[in-house]
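One-letter residues, chain by chain:
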Amino acid sequence: MTRKILVPIDVSETELTQKVITWVEAQSRIDDAEIHFLTVVPVLPYYMSLGQGMVDLPDIHQLKNRAEKKLTEIATQFSLPEDRKFTHCVEGAPRDTILEMAKTLPADLVIISSHRPDITTYLLGSNAAAVVRHAECPVLVIR
Ligand code: ADP
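Parameters and conventions
- Residues numbered from 1 in each chain as written.
- Predicted model: local features only at pLDDT ≥ 70, side-chain atom pairs only at ≥ 80, totals over all residues.
- Heavy atoms only, no water.
- Helix = DSSP H or I, 4+ residues; strand = E, 2+ residues; numbered from the N terminus.
- Buried < 20%, exposed > 50% of the residue type's maximum accessible area, 1.4 Å probe, protein only.
- Contact = heavy atoms within 4.5 Å.
- Near = heavy atom within 4 Å.
- Polar contact = N/O pair within 3.5 Å; in protein donor to acceptor, adjacent residues only side chain to side chain.
- Areas by Shrake-Rupley, 256 points an atom, 1.4 Å probe, with all protein chains shown as cover.
- Expected span 1.5 Å × (residues − 1).
- Arc of directions from axis to C-beta.
- Pairing = 2+ DSSP bridges.
- Right-handed = clockwise from strand over helix to strand, strands pointing away.
- Salt bridge = Lys/Arg side-chain N within 4 Å of Asp/Glu carboxyl O.

J.: Would you mind showing me how to read the overall build of the chain here?
T.: A tally of helices and strands in the chain yields five helices and five strands. When the helices and strands of the chain are placed in sequence order, the string is β-α-β-α-α-β-α-β-α-β. Counting every position in the chain, which comprises 143 residues, the buried fraction comes to 41%. Considering only contacts within the chain whose residues lie at least 6 apart along the sequence, 76% involve residues at least 24 apart.

Set out below in structure tokens:
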């Protein structure tokens, strides 16, 4: 069976993406793996939680289109064969969606960045921590 690697990407964080490039490229060469880039667009409750005073909720379809475009651009920064590179843009809660896709692909490996560079208090961000804790496959955390 084809080896599949899931690479969750936060499209708003370019520095995090830079850190994973060499690792993804190196892992992709093992058994000609398929690379599945995934970005998750947070759903409406996320925006609602920002406060009731927020009247103009963003259009989720517009957000999804933008995220999809950005992910495609980001994927071009990785030197990978076109026929083994896939992009997925899904609405949901990042940690749940990443774990769900890891299961359904199914992924042989997840490659994820630890946390945003400006967050120095935690060794692992909340999404990365949930993926490490609950994934059923190996997880490579890039720091
Ligand atoms: P922080 O809270 O410091 O941003 P996170 O755990 O949210 O830490 O992010 C670490 C990694 O989790 C990101 O580099 C990315 O791989 C993954 N991730 C976070 N948010 C998303 C998202 N919306 N879509 C896909 N992956 C994400």
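J.: In this structure, what is going on with the site of the ligand? I would like to understand it.
T.: Taken together, 19 residues sit near the ligand, with Pro8, Val40, Arg116, Asn127 and Ala128 positioned nearest. In the model, a nitrogen atom of the ligand is placed 3.4 Å from a nitrogen or oxygen of the Ile9 main chain. Between the ligand and the protein, one listed contact pairs an oxygen atom with a backbone N or O atom of Ala128 at 2.9 Å. Here the ligand loses 92% of its free accessible area of 550 Å² to cover by the protein chains. Elements with a contribution of two residues or more to the shell around the ligand: β2 (34–41), α4 (94–104), β4 (109–113) and α5 (126–134).

J.: Sorry if this is basic, but what is going on with helix α3 (residues 60–76) here?
T.: An α-helical turn contains 3.6 residues, so any two residues separated by three or four positions project in the same direction. Counted at 1.5 Å a residue, the expected span for α3 with its 17 residues is 24 Å, and the 24 Å between its end C-alpha atoms agrees. Taken together, the buried positions of α3 are occupied by Ile60, Ala67, Leu71, Ile74 and Ala75. Along the axis of α3, the buried residues cluster in a sector spanning 95°; they form a single face. Of the exposed residues in α3, those oriented more than 90 degrees away from the buried face are His61, Asn65, Arg66, Lys69 and Thr76. Tucked inside the fold, the buried residues of α3 contact α1 (14–28), β2 and β3 (85–91).

J.: Help me out: how do you make sense of the pairing of strand β1 (residues 4–8) in this one?
T.: Consecutive side chains of a regular strand alternate in pointing toward one face of the sheet and then the other. Counting buried positions along β1 gives four out of five residues, so the element sits mostly inside the fold. In this sheet, β2 lies alongside β1 in parallel orientation, the contact comprising five bridges. Paired with Lys4 across the bridge in β2 is Glu34. At this point the chain moves from β1, through α1, to the parallel β2, and the crossover so formed is right-handed.

J.: Any chance you could explain the pattern of salt bridges here in plain terms?
T.: In a structure, side chains of opposite charge can pair up when their charged atoms sit close to one another. Across all of its chains, the model carries three salt bridges by this definition. The partner of Asp32 in a salt bridge is Arg84, and the shortest N-O contact between them spans 3.9 Å. One end of the pair, Asp32, is in the loop between α1 and β2; the other, Arg84, is in the loop between α3 and β3, and 52 residues separate them in sequence. Residue Asp32 is classed as partly exposed on the basis of its relative accessible area, which comes to 47%. Here Glu136 ties to Lys103 by a salt bridge, and the two come within 3.5 Å at their closest N and O atoms. Here Glu136 is found in the loop between α5 and β5 (139–142), whereas its partner Lys103 is found in helix α4, with 33 residues between them in sequence. For the pair formed by Glu136 and Lys103, the shared burial category is exposed.

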